[in-house]
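Below are the chains, spelled out letter by letter.
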Amino acid sequence: MITQELIRQAKDVDIISFLERYGYTFKRKGKRYICTQHDSLIFSIAPNSCQVFVWNSKCNEGDSIKFVMDYITDGNFKKAISLLTNSNLDEKKLYEASSQTLSKALDKIEYAKNMKRTFAYLIKTRLISSSIIQKLVKDNMIAQDKHNNIVFKWLNNNEFLGADLVGTLTDIRFKSTVQGSNEDYGFSICLNKKPEMLLVFESPIDLLSFYTLNMNNKNLGKMLLLSLSGCEKIYKIQTYLNLYPSIEKIYSCLDNDNAGNIATQKITNTYSNIKVFDGRKKLKENNVKDWNQLLINNKSNEVAK
């Protein structure tokens, strides 16, 4: 049973220290804590001594419990209280409730009648290999919803566990995840049942751009490619290390920027029991931020020749 006292305890937890365990980092400015990965996310102490957040880019605000619910426990209030207070409130029921929420949310996705917008955006705008996209669509790893968003499915042994949503309009950027997705997973491609290397990317677009650039790489078959859906979600890595004990190396292929640098260092520190490498050499050599920018630049150079 969740009492008012337990809720008070959850609100009193040092939310900054709590979130740092999930890969978030912050810079303090006076009484405000500004997230390093998302500078529009700010925590502060309200006049009533309550810890509150404002995430301007997401038009969201509230107390620390609401943040954990919205971004860690998929809207599950009991699980948020349990995590914040380490009270382990009936974990079996929490898991069942979370699974039901996930199932309902994923079942509610309404799919488009065709994939025209998806093909146009990924192949013509993002310049990702058409053969890769066609194969992923055929394997039901990529779909398109009725709003013409691309649905990048998070699968494990064909079990549908969540999804990224990416808009197909070139002038309006839209990125989200399906409410209720299991955040321990991400969009992934594995070409071998026993991969030796785990490569982590910031988004599905970057993952597919890298895949396109390395289609002829003889080591591709040894790789598991994983999108974290945000560089701060490094906790997802542990899920795949558990699923694939054959993995011997981790390559951080995140963005070539300050947030990517910080996340790469966090991956190195967090997973010190395994070899971690900075996989952004090509990005740095070409002075680009991400893998799609590198892909587009390479294609432009080919046309110029």
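Below is a short write-up of the structure. (Residues numbered from 1 in each chain as written. Predicted model: local features only at pLDDT ≥ 70, side-chain atom pairs only at ≥ 80, totals over all residues. Heavy atoms only, no water.)

### Observations regarding the packing of aromatic side chains
Step number 1: Taken as a whole and judged by the stated rule, the model has 13 aromatic pairs.
Step number 2: Both rings, one in Phe-43 and one in Phe-67, keep their centres 5.2 Å apart while their planes meet at 70°; by these two values the pair is edge-to-face. Within this pair, whereas Phe-43 is found in strand E3 (residues 41–45), its partner Phe-67 is found in helix H3 (residues 64–71), the two being separated by 24 residues in sequence.
Step number 3: We classify Phe-43 as buried; its relative accessible area is 2%.
Step number 4: Measuring from ring centre to ring centre gives 5.1 Å for Phe-53 and Phe-67, while their planes differ by 80°; the resulting arrangement is edge-to-face. On the criterion of sequence distance, the pair formed by Phe-53 in strand E4 (residues 51–55) and Phe-67 in helix H3 is long-range, its members being 14 residues apart.
Step number 5: With a relative accessible area of 0%, Phe-67 lands in the buried category.
Step number 6: Taken together, the ring pairs in this structure connect Phe-26, Phe-43, Phe-53, Trp-55, Phe-67 and Tyr-71 into an aromatic cluster.
Step number 7: Between Lys-58 and the ring centre of Trp-55, over which it is positioned, the NZ or CZ distance is 4.9 Å. (Phe/Tyr/Trp six-rings, centres within 6.5 Å; stacked < 30°, edge-to-face > 60°. Helix = DSSP H or I, 4+ residues; strand = E, 2+ residues; numbered from the N terminus. Buried < 20%, exposed > 50% of the residue type's maximum accessible area, 1.4 Å probe, protein only. Lys NZ or Arg CZ within 6 Å of the ring centre and 35° of its normal.)

### Looking at H3
Since there are 3.6 residues in each turn of an α-helix, residues three or four apart along the chain are aligned in direction.
Step number 1: Counting buried positions along H3 yields 6 of 8 residues, so the element is predominantly enclosed.
Step number 2: Burial in H3 covers these residues: Ser-64, Ile-65, Phe-67, Val-68, Met-69 and Tyr-71.
Step number 3: The inward-facing, buried residues of H3 contact helix H1 (4–12), helix H2 (15–20), E3, E4, strand E5 (60–63) and helix H4 (77–85).
Step number 4: Two to three positions downstream of the cap, the backbone nitrogen of Ile-65 sits 3.2 Å from a side-chain oxygen, assigning the N-cap of H3 to Asp-63. (Contact = heavy atoms within 4.5 Å. Polar contact = N/O pair within 3.5 Å; in protein donor to acceptor, adjacent residues only side chain to side chain.)

### Here's the deal with H1
Step number 1: The complete set of buried residues in H1 reads Leu-6, Ile-7 and Ala-10. Taken down its axis, H1 places every buried residue within 100° of arc, on the same side.
Step number 2: Buried residues belonging to H1 abut H3 and H4. (Arc of directions from axis to C-beta.)

### As for the side chain of Ser-40
Step number 1: For Ser-40, the location among the structural elements is in the loop between strand E2 (32–35) and E3.
Step number 2: Ignoring sequence-local partners within four residues, the contact set of Ser-40 consists of Val-54, Trp-55, Asn-56 and Ser-57.

### Details of the pattern of salt bridges
Step number 1: Overall, the coordinates contain 13 salt bridges when judged by the stated rule.
Step number 2: Between Lys-146 and Glu-110 there is a salt bridge, and its shortest N-O distance comes to 3.4 Å. Linking Lys-146 in the loop between strand E6 (142–144) and strand E7 (150–156) with Glu-110 in the loop between helix H5 (91–107) and helix H6 (116–125), this pair joins segments that are 36 residues apart in sequence.
Step number 3: The class for Lys-146 is partly exposed, based on a relative accessible area of 46%.
Step number 4: For Glu-110, a relative accessible area of 47% puts it in the partly exposed group.
Step number 5: Between Glu-183 and Lys-236 there is a salt bridge, with the nearest N and O atoms lying 3.4 Å from each other. Here Glu-183 is found in the loop between strand E9 (175–177) and strand E10 (188–190), whereas its partner Lys-236 is found in helix H9 (residues 236–243), with 53 residues between them in sequence. For the pair shown, Glu-183 and Lys-236 are each scored as buried.
Step number 6: The network of salt bridges with shared partners includes Glu-5, Arg-8 and Asp-12. (Salt bridge = Lys/Arg side-chain N within 4 Å of Asp/Glu carboxyl O.)

### Regarding the side chain of Thr-73
Step number 1: With respect to the helices, strands and loops of the structure, Thr-73 is situated in the loop between H3 and H4.
Step number 2: The residues contacting Thr-73, other than those within four sequence positions of it, are Val-68, Lys-79, Ala-80 and Leu-83.

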